[in-house]
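# Residue-level structure breakdown
Chain by chain, the residues run as shown.
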Amino acid sequence: MRLVLSITAFCLAFVFLGAGVVQRTIFLQPGSITQAISGATDALYTVISPEVLGKNPGIPTVTARGSGATVVAYGRTDDVLAWIGAAPYNAVTLRDGAVTSETVTPEQPAESVNPQPLTGSPAGSDLWLAEGVGEGLASVTSALPPGYSAIVAGDGQSPAPGDVIVAWPIDNATPWVGPLLVLGALLFIAGGALFWLHWKDHHRAGPRRRGPSALEESAPPRPRVGPAPKRRELGPARGRRTRFRVVAALTLPVVLSGCSAEYWPGAPAAESSATPSPTISSADGLNTLQPAVTVPQMERILGEIAAFAVSADKALTADRLPERFAGPALAARAANYAIRAKKADYPAPTDIPAKPLTITLPQQTDRAWPRLVMTVTQNEADSSLPPVALVMLQNSPRDNYHVYYAITLVPNAQSPELAPANVGAPRVAPDSKLTKIEPAQLAGAYSSILNADTASEFADVFQVDGDTLRQQLGVAGQAAIRSQLPANSAIAFGANPGNGPVLALATNDAGAIVAVQVDQLRRITPTDGGVVGFAEGSPSALLSGFAAKSPRGVQSVSGLQLLVYVPAVDSQEPIRILGWTESLIAAGEIPG
């Protein structure tokens with residue numbers, strides 16, 4: 001009976017195991033829907049429209065194969081076309097349900113004073129939501145908002161790759177494979193156990209023998225010569241262990257193969273197929289104001305800027321700084337590098353943490369440049385460090401964002417209510433009359449505060465409480481510095497608007513957050529008709545290289561990067577300093 005049950009269990013096991021294997025091999029459905037892009041031309045770029053990317057539900061993956069450097073990227077359609085400029089490109093669109101392609105040659109706007117080049121690789125552009133770069137093969141996958149296209153290119157000098165495929169994932173899970181494999185394995189084990197019990201009982205009974213014949217009964221017993229031979233037998237415990245290992249070795253891989261979640265009923269579908277992208281139309285989002293960047297895009301951009309800053313700050317490579325820095329932030333870092341090249345323990349410039357982003361305020365824009373973005377980031381490794389506000393500009397489609405201001409926020413800075421990142425804020429013109437002070441006049445007004453304090457004509461419109469910059473570098477701070485000078489020298493302070501651009505974005509209460517630069521000049525002159533100079537080894541001496549004494553005296557300039565909240569013109573709130581950073585940017589002998 002046990003032998004029959006064992007054979008039955010083995011047969012059922014092979015049926016269940018075979019059914020599970022067949023579902024994952026012969027009857028397994030494709031994991032994606034694919035669309036080949038045809039119509040390769042001599043154009044340097046291929047643009048796949050939103051309609052094609054949204055042809056099927058799911059998150060699209062665009063894969064391109066080329067003979068050399070290959071780039072695939074997703075970007076807002078307007079941004080993709082702005083990056084291409086007047087260069088011919090292969091436009092892949094959807095017409096009557098069919099994917100078609102044709103070569104398009106855009107017209108360069110007549111009023112353009114900075115026409116885009118017709119060649120170049122799109123790799124590394126800040127316009128892209130996501131990109132893939134490779135040698136001979138590139139692929140990118142990302143959930144796309146409405147109105148996003150894909151751009152495919154080679155090295156920017158040779159035609160775009162002609163072998164391009166768009167794929168959308170589909171759910172090809174086999175939820176009954178797991179139960180079939182596990183049930184088959186259990187039946188296999190049961191069959192093996194029943195067969196072993198049958199064999200054990202049969203072995204214990206031994207072979208059947210006939211009774212002795214009359215001749216054998218009458219014959220005298222034969223004398224035994226020597227000891228009886230010993231039989232080598234497999235002990236019961238050892239035999240059971242060996243057989244168990246054999247069965248386990250045969251069934252364990254089968255059981256483990258059924259442990260994958262996609263092999264069981266009720267398992268969630270793959271994320272890429274469970275979250276289909278919305279139907280995308282090329283008309284969505286066009287001719288309307290949109291944020292200059294999305295939050296994921298800003299995270300990618302800031303990650304690259306942070307990595308660049310770490311590398312440059314460590315190597316002191318000032319000649320590379322213009323790749324990502326400009327204006328006051330560039331001047332501050334370049335001077336810092338010059339000092340630290342001679343004095344290793346001099347403090348490094350303002351750190352730029354990569355994440356997390358606590359505030360992202362992009363400019364609302366259409367197809368125009370330059371584009372402005374303000375963001376605040378916190379040091380992930382050390383939350384005790386103050387947040388850093390970055391004010392960045394992208395001057396043209398083929399330029400990347402450059403940091404113009406890197407400003408440390410003051411403790412407990414009270415930020416006004418801002419627009420959400422997916423909406424963005426309008427850019428405020430420097431001569432706007434809608435704020436308490438025109439943004440273009442802000443640097444001059446605060447310079448007056450540093451020079452005259454309460455005697456300034458603007459004293460009543462600036463908040464005093466929490467203004468640590470006024471405390472350290474205003475009239476009171478200047479008096480403290482003056483008291484430490486030798487008796488034969490005098491120091492004079494003078495604050496004036498710097499040459500940094502006035503960058504402002506609107507707040508929800510019709511005010512503005514403004515970034516400006518103020519330069520504070522310090523002049524040390526002799527009072528006894530003698531000579532004075534910088535202290536030996538001081539930052540001013542190291543930056544200027546002027547180690548002598550001068551009868552005219554010496555001077556230095558500190559660049560002050562300010563982030564300021566300016567309320568609306570009819571508001572009763574005062575103007576608040578949200579953050580500031582001081583950097584020595586120039587030093588030398590007073591000109592004759």
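Residues numbered from 1 in each chain as written. Predicted model: local features only at pLDDT ≥ 70, side-chain atom pairs only at ≥ 80, totals over all residues. Heavy atoms only, no water.

## As for the sheet that holds strand S10 (residues 357-362)
Stated precisely, the cut-off is as follows: Two strands qualify as a pair provided that DSSP identifies no fewer than 2 bridges between them. For the purposes of this entry, the term helix denotes a DSSP run of H or I that reaches at least four residues, the term strand denotes a run of E that reaches at least two, and both are numbered from the N terminus. For helices, the fitted line uses only the C-alpha atoms of the stretch in contact; every axis is such a line through C-alpha atoms, and the angle between N-to-C directions lies from 0 to 180 degrees.
If you walk across this open sheet you meet the four strands as S10-S12-S13-S14, and the pairing is antiparallel. In this open sheet, the two edge strands, each paired with only one partner strand, are S10 and strand S14 (402-408). Each neighbouring strand pair of the sheet contributes to a mean axis angle of 15°, computed without reference to strand direction.

## Overview of unusual backbone geometry
Geometrically, the link from lysine 355 to proline 356 is a cis peptide bond, its omega value of 0° lying close to zero. For the bond running from tryptophan 369 to proline 370, omega is 5°, close enough to zero to count as cis. Positive phi, close to 55°, is recorded for aspartate 96, a residue that is not glycine. Relative to the assigned elements, aspartate 96 resides in the loop between strand S4 (89-95) and strand S5 (98-104).

## Structural notes on the layout of surface pockets
So the rule is basically this: Buriedness of a pocket was judged along seven lines, with at least five required to meet protein on both sides within 12 Å; pockets are open sets of points on a 1 Å grid over the protein atoms alone, cavities are sets where a 1.4 Å probe fits but cannot get out, and lining residues have an atom within 4 Å of a point. Grid points are joined across faces, edges and corners, and a volume is the space filled by probe spheres set on the points.
Taken as a whole, the second largest pocket encloses approximately 510 Å³ of empty space. Looking at the second largest pocket, it is lined by 23 residues, and the ones nearest its centre are Leu485, Ile524, Phe534, Ala535 and Ser540. For the lining of the second largest pocket, the secondary structure elements donating two or more residues are strand S15 (489-497), strand S17 (512-526), helix H13 (539-544), strand S18 (554-566) and strand S19 (576-589). When residues of the lining of the second largest pocket are assigned to their parent elements, the largest contribution, four residues, is made by S18.

## A short note on helix H8 (residues 295-315)
Here is the rule: By definition here, a helix of n residues has an expected span of 1.5 Å times n minus one. Three exposure classes are used, based on accessible area relative to the maximum for each residue type with a 1.4 Å probe and protein chains only: buried under 20%, partly exposed in between, and exposed over 50%.
Over its 21 residues, H8 runs 30 Å from end to end, which matches the ideal 30 Å to within 8%, given 1.5 Å per residue. Those residues of H8 that sit buried are Gln297, Met298, Arg300, Ile301, Leu302, Ile305, Ala306, Phe308, Ala309, Ala312 and Asp313. Directly after H8, the chain includes leucine 316, whose backbone phi takes a positive value near 55°.

## Considering the confidence of the model for the chain
What counts here: The quantity called pLDDT is the predictor's confidence in a given residue, expressed from 0 to 100. Contact definition: two residues touch when any of their heavy atoms are within 4.5 Å.
Summarising the model, the chain shows a mean pLDDT of 84, and 77% of its residues fall at 70 or more. Contacts for the low-pLDDT stretch residues 231-235, under 50 throughout, to residues beyond four places or in other chains number two contacts. Segment residues 270-287 is flagged for pLDDT under 50; beyond a separation of four residues in sequence, or across chains, it makes 29 contacts in the model.

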